[in-house]
Amino acid sequence: MPSPLERLLEHYPCLSVCLPQIQETARLLEEGFRRGATLFTCGNGGSCSDADHIAGEFLKGFCRRRPLEKSLADTLAKVDAQDGAFLGKTLQQGLRCIPLSGFPAALSAVRNDLDGQMDYAQALLALARPGDMLLGISTSGNSRNVHLAVTIARSLGLTVLGMTGEAGGRLAQEADVTIRVPARETFRIQELHLPVYHTLCLSVEEAFFPL
């Protein structure tokens, strides 16, 4: 069966120019999750939706079922004979991923009390620990609130991953790895970001949850 990367290039041959960066990003994500790191994601507008979308694919089963470990399922059944057994059969294993946009009350307070461009930086400062990961998504690569979050991430010792358009912008200079899709118009960049991050999610899921 073809790998997620092979399927990606079959459908989107233009992304072959990004292949080394996609492979390296997948490797870093897998390594990070294996050591217990949390992945934080952020972006603006459509990229914010993409950041939330990515978290959804990591937090539960994407293309594979992820049954709970038997020890946890057994513990749930002991805690509650009825609902614990139900949870043990129904819940799926997740990978730690938090979209920084997911705290609307806190973010609105930052925008009101501090500075609107510090929203992601403030949330990341409070939540992240050394060894965690940040994925910043910016079609231009120059979104200021993403840049400020990257500055926090680098200061705390996080692995910084980026997704941008062809120009790359500031994010491409600051991230450890940046996937620069071959497009310059915002909507075209976003159209290519989706199959890229779906491929990353598939690659990581296959590594952690083999059939």
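Criteria and cut-off values
Residues numbered from 1 in each chain as written. Predicted model: local features only at pLDDT ≥ 70, side-chain atom pairs only at ≥ 80, totals over all residues. Heavy atoms only, no water. Helix = DSSP H or I, 4+ residues; strand = E, 2+ residues; numbered from the N terminus. Rg over C-alpha atoms; globule rule 2.2 N^0.38 Å. Buried < 20%, exposed > 50% of the residue type's maximum accessible area, 1.4 Å probe, protein only. Contact = heavy atoms within 4.5 Å. Areas by Shrake-Rupley, 256 points an atom, 1.4 Å probe, with all protein chains shown as cover. Salt bridge = Lys/Arg side-chain N within 4 Å of Asp/Glu carboxyl O. Disulfide = S-S within 2.5 Å.

Details of the overall build of the protein
1) Next: Helices and strands together make up the secondary structure of the protein, namely 10 helices and 5 strands.
2) Next: Computed over its C-alpha atoms, the radius of gyration of the protein comes to 18 Å, within 12% of the 17 Å expected for a compact globule of 211 residues.
3) Next: Seen through its principal axes, the protein has C-alpha atoms that stretch 55 × 50 × 30 Å.
4) Next: Looking at the protein as a whole, 46% of its 211 residues qualify as buried.
5) Next: Looking at the protein alone, contacts between residues at least 24 apart form 71% of all its contacts between residues at least 6 apart.
6) Next: For the protein, the accessible area works out to roughly 10,600 Å², and carbon and sulfur atoms hold 54% of it.

So, the pattern of salt bridges
1) Next: With the rule as written, the count across this model stands at 11 salt bridges.
2) Next: Between D74 and K70 there is a salt bridge, with the nearest N and O atoms lying 2.7 Å from each other. Placement of both D74 and K70 in helix α4 (residues 70–79) is noted, with a separation of 4 residues, approximately one turn of the helix.
3) Next: The exposed category is assigned to K70, whose relative accessible area is 61%.
4) Next: Put simply, R188 and E191 hold a salt bridge, and the shortest N to O gap is 3.1 Å. Note that R188 and E191 are positioned in helix α10 (residues 186–208) at a spacing of 3 residues, about one turn of the helix.
5) Next: Its relative accessible area of 40% is what places R188 among the partly exposed residues.
6) Next: We classify E191 as partly exposed; its relative accessible area is 42%.

Observations regarding the state of the cysteines
1) Next: In this structure the tally under the stated criterion is 0 disulfides.
2) Next: C18 carries a free sulfur, and the closest cysteine sulfur to it, the one in C14, is 7.7 Å from it.
3) Next: C97 forms no disulfide, and the closest cysteine sulfur to it belongs to C201, at a distance of 7.8 Å.
4) Next: Judged by its relative accessible area of 3%, C97 falls in the buried class.

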